[in-house]
2 protein chains.
Amino acid sequence: MRPNFKDEAEPRQLYLAVYRYYRDQITERRLPPGSKMPSLRTCAQELKLSRTTIENAYLQLAADGYIIAKAQSGYYVTDIADRPLPSRNTARTQDTPVKYNLSSSGVDREGFRFDLWRRYIKSALRQDDRLLSYGEPQGEEDFRQTLSAYVREHRNILCTPQDIVVGAGVQSLLHILCPLVREKATVSFPTPSFLQGSTVFQDYGFQVRYRNKDSGVIYVSPAHMTKWGEIMPVSRRLELVRYASGHGSLIIEDDFENEFVYLQKPTPSLFSLAGGRGVVYIGSFSRLLLPSIRISFMILPPELKDAYLAKAASYNQTASKAEQIALCQFIRDGHLAAQTRKLRRLYSQKLKQLLETVEDVFGPECSVQIGSAGTTLALSLPSPLTGEELKARAAKEGLRLQILRESPGELTILLSCSALPAQDFYPACSLLKKLAE
Amino acid sequence: MRPNFKDEAEPRQLYLAVYRYYRDQITERRLPPGSKMPSLRTCAQELKLSRTTIENAYLQLAADGYIIAKAQSGYYVTDIADRPLPSRNTARTQDTPVKYNLSSSGVDREGFRFDLWRRYIKSALRQDDRLLSYGEPQGEEDFRQTLSAYVREHRNILCTPQDIVVGAGVQSLLHILCPLVREKATVSFPTPSFLQGSTVFQDYGFQVRYRNKDSGVIYVSPAHMTKWGEIMPVSRRLELVRYASGHGSLIIEDDFENEFVYLQKPTPSLFSLAGGRGVVYIGSFSRLLLPSIRISFMILPPELKDAYLAKAASYNQTASKAEQIALCQFIRDGHLAAQTRKLRRLYSQKLKQLLETVEDVFGPECSVQIGSAGTTLALSLPSPLTGEELKARAAKEGLRLQILRESPGELTILLSCSALPAQDFYPACSLLKKLAE
């Protein structure tokens, strides 16, 4: 018997209802592992719901590991029902400890000077008077001044400290931004993989699409177009800026990993190409400092300033004040620029080394995609396994990895060099080869 | 004379060098506003550089507002050199420095042991491995374990670490909660003063009301019913819990300042009165530690758990990982409990002292409202001024205060004792009296 979802009034509720229905079917093994999910069209017809609702539910099921997409074939139920439930008390401790983490976007241990950072935090914590009060809603003023000088020097972006809003991570900034641009109604992301971003827009009632320029908001990461670090060429940047301006769309430029553009010169930001109009620029430090430091910032274009200022006092600052003070001085003393140069050298070298290792270990049977930015390459290799099977096998051996795509007989795996020490490349790749056979 | 850029080896350097050269020409008015830039081809030939390099430099100059493209004609210098630069320092510095802050909800300088906190942060920053990765979306697991033990001991609340969600302040938590309970559609706040809370609900499309129990969500701070610290008696708490349960309303219990209930024993939480169903409990540390430490947590009732878990991975943690680790150990070592006792004693004493000072200075003409919690009293006194007039006069003299109400001939002012040292009570009150006359 098919369920009736029509009682659930709101579209959002509908998609959750479909999600829950299939989740329960899967966990209760009424849909056993390996079985094919109904096609989007069939499912939409049977449940009398829109294809988008079904698609959203499926995307969420896939994101949560219940189903997996296979190229040109559709969605299949994973073996999640066979796996022990995450026990209420830290299943994690029972897992095989991670020996080689090829999926981490953490920072190379050698790449971060803890001693230095500790010194700046210690010095920030000595500013008793400042720490005794709440932080400025927009972010500490001296920090915003420093940021505006920093982006001028490093990204050629002209803005005043008053244009900058600081927050604890990109999501915190989107929580401030989304309500200001709600009338845009639709948002386009380059891929479904930036779930953290799309979730926030969905929460505010935006219709989320992928690679659809005819949207009120166009979210892009020009230096991180694909997981393996393809960057957007200047010509396409210009085209995008012109298109958005002509159609009244707002561009959100998440300048993630722009620091790690190795193979050519850093390209101008969309923000500056657009002359600072129609673009919100978002910068982060998690890839440059520690992922655990939650500080991001956005630069608002003039047309959003009034709307923001009218509400600014209603939002408390989310980023740690001590960390803002520390980072401010850290940047002023030139350490962030030095850190960027160091990591760029280090990662560029490591990525090259990883590529050589991969070619050496996997030989001509495999193919590699590599971009001109970032810390990750995509390796496609023949394997009789499904992605889930390989991941499970690998987890048992302490190897953690991320599957990008799978098709019958072939898996595409993302290998990140950032957190893994270079001396582990060879043993990690050899282990991966053995497991995938 | 034309510059020679050939020493700059990298293409990036070249384009930047050209950019800087023309920028300086323009700002130093050697290329006056309105003059035409050399064509790309001419310029490339003269500088013996590629057309692309020149084009990139021009694009950047245009992006930064130095030149502007005119259709079918080329680039022209703008009037940027004539415009005043955005001033780097804001007006704020011209204000009279604050001498007596009677409106601050900061922490008493004597009440916080910076040396101790610095030690815990330092120790947290030594956990290199943990800090090299992103934090858990729900909050660090050991911290949530510690929190669940803490609320059990201090608030009689039974919950597991899995029920707890950590975030950087109450707003960050509401950003996760609101989308989960969107179908409730209406929310009631006790007063319009908690703008930070009502803004978030409004952003998610809720209809915000005040003191209206017939709402889908009822937001209350039982230990902070009014600005001057009235608390909700147990009888009303029980009544509210029963009413909400009967009407299917969700209570959000923001347990703000429950630690500062002086005049009677701390009252049971709504969460525990309701047996953990139909209530979301929110706790914060900003009044106990430093306002600048952005860590709050919420305890979800079982009926919201599934919906949260389905989306948990989509939300990045906003609170600083280092501060979570530090606070976790700080609580385990008993310092938070000790800090609470110390502040409760200190604030209770200071509030009494402030009351005596107020009665002494203002005499029988004034009336005072004081609650059994908090750090604030409400003083009503006759004055020919409006609230804004008094605030403006006070600001000029370095006195900061908050107006609660005004009626012709009478002002009601909130006086907070928390951040002001006790020795300043008398001079601050005397100054206020003089200004209000």
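Residues numbered from 1 in each chain as written. Chains lettered and ligands numbered in written order. Predicted model: local features only at pLDDT ≥ 70, side-chain atom pairs only at ≥ 80, totals over all residues. Heavy atoms only, no water.

**Structural notes on the nonpolar core**
Phe285 of chain A together with Tyr58 and Phe285 of chain B are the most contacted members of the largest nonpolar core, which totals 134 residues. The leading source of residues in this core is helix 1 (residues 11-27) of chain B, at eight residues. Among all residues touching Tyr58 of chain B, those that are not within four sequence positions of it are Tyr22, Met37, Pro38, Leu40, Cys43, Ile67 and Tyr75 of chain B. (Core = buried A, V, L, I, M, F, W, Y, C linked by side-chain atoms within 4.5 Å. Buried < 20%, exposed > 50% of the residue type's maximum accessible area, 1.4 Å probe, protein only. Helix = DSSP H or I, 4+ residues; strand = E, 2+ residues; numbered from the N terminus. Contact = heavy atoms within 4.5 Å.)

**A word on the packing of helix 13 (residues 335-362) of chain A against helix 15 (residues 425-436) of chain A**
Residue and element names in this part refer to chain A. Orientation of helix 13 relative to helix 15, taken along the N-to-C sense of each, is 40°, at an axis distance of 10 Å. Classified by the angle between their axes, helix 13 and helix 15 sit oblique to one another. Seen along the crossing, helix 13 lies across helix 15 with a hand that is right-handed. Contacts between helix 13 and helix 15 involve Lys350, Gln353, Leu354, Thr357, Val358, Asp360, Val361 and Phe362 on the former and, on the latter, Phe425, Tyr426, Cys429, Ser430, Leu432 and Lys433. Taken together, the residues of the contact of helix 13 with helix 15 sort by class into eight nonpolar, three polar and three charged. (Axes fitted to C-alpha atoms, helices over the stretch in contact; angles between N-to-C directions. Parallel < 35°, antiparallel > 145°, perpendicular 65-115°, else oblique. Left-handed = near helix turned anticlockwise from the far one by under 90°. Nonpolar A, V, L, I, M, F, W, Y, C, P; charged D, E, K, R; others polar.)

**With respect to unusual backbone geometry**
Residue and element names in this part refer to chain B. One non-glycine residue, Asn156, lies in the positive phi region at around 55°. Inspection of the secondary structure puts Asn156 in the loop between helix 6 (141-155) and strand 4 (164-167). Exposure remark for Asn156: the relative accessible area of 62% places this residue in the exposed category. Not every positive phi belongs to a glycine, and Ala185 is a case in point at roughly 65°. Within the secondary structure, Ala185 sits in the loop between helix 7 (170-180) and strand 5 (186-189).

**As for the packing of helix 7 (residues 170-180) of chain A against helix 11 (residues 302-311) of chain A**
Residue and element names in this part refer to chain A. As a packed pair, helix 7 and helix 11 sit with axes 10 Å apart at the nearest point and diverge in direction by 115°. Of the possible angle classes, the one that applies to helix 7 and helix 11 is roughly perpendicular. Here the hand of the crossing between helix 7 and helix 11 comes out right-handed. Side by side, helix 7 and helix 11 meet where Ile176, Leu177, Pro179 and Leu180 of the first sit next to Leu304, Ala307, Tyr308 and Lys311 of the second. Residue composition of the contact of helix 7 with helix 11, by class: seven nonpolar, no polar and one charged.

**What about the sheet that holds strand 15 (residues 410-416) of chain A?**
All names here are of chain A. The antiparallel open sheet is built from four strands, whose spatial order is 11-12-15-14. Looking at the sheet topology across the chains shown, the edges are occupied by strand 11 (367-370) and strand 14 (402-407). Taking each pair of neighbouring strands and ignoring which way they run, the sheet shows an average axis angle of 20°. Note that strand 12 (residues 376-382) and strand 15 share seven bridges and pair antiparallel. Its bridge partner lying in strand 15, Leu377 is registered against Leu415. Relative to the sheet, helix 13 contacts strand 11, strand 12 and strand 15, its axis offset from that of strand 12 by approximately 5°. (Pairing = 2+ DSSP bridges.)

**A word on the domain arrangement of chain A**
Where interface size is given, it is often the accessible area lost as the parts come together that is meant. Residue and element names in this part refer to chain A. Taken domain by domain, chain A consists of domain 1 (5-82), domain 2 (100-109 + 339-436) and domain 3 (113-334). The gap between the C-alpha centroids of domain 1 and domain 3 is 34 Å. Facing the five residues of domain 1 at the interface are five residues of domain 3. Roughly 360 Å² of surface becomes buried between domain 1 and domain 3 when both sides are summed, with 56% attributable to carbon and sulfur atoms. The tally of links from domain 1 across to domain 3 stands at zero salt bridges. Linking domain 1 to domain 3 there are zero residue pairs in polar contact (both at pLDDT 80 or more). Listing elements by their share of the side of domain 1 that touches domain 3, those giving two or more residues are helix 1 (11-27) and helix 3 (51-63). With three residues, helix 3 is the single largest residue contributor to the side of domain 1 that touches domain 3. (Domains from an automatic or database assignment. Buried area = accessible area lost by both parts, 1.4 Å probe. Salt bridge = Lys/Arg side-chain N within 4 Å of Asp/Glu carboxyl O. Polar contact = N/O pair within 3.5 Å; in protein donor to acceptor, adjacent residues only side chain to side chain.)

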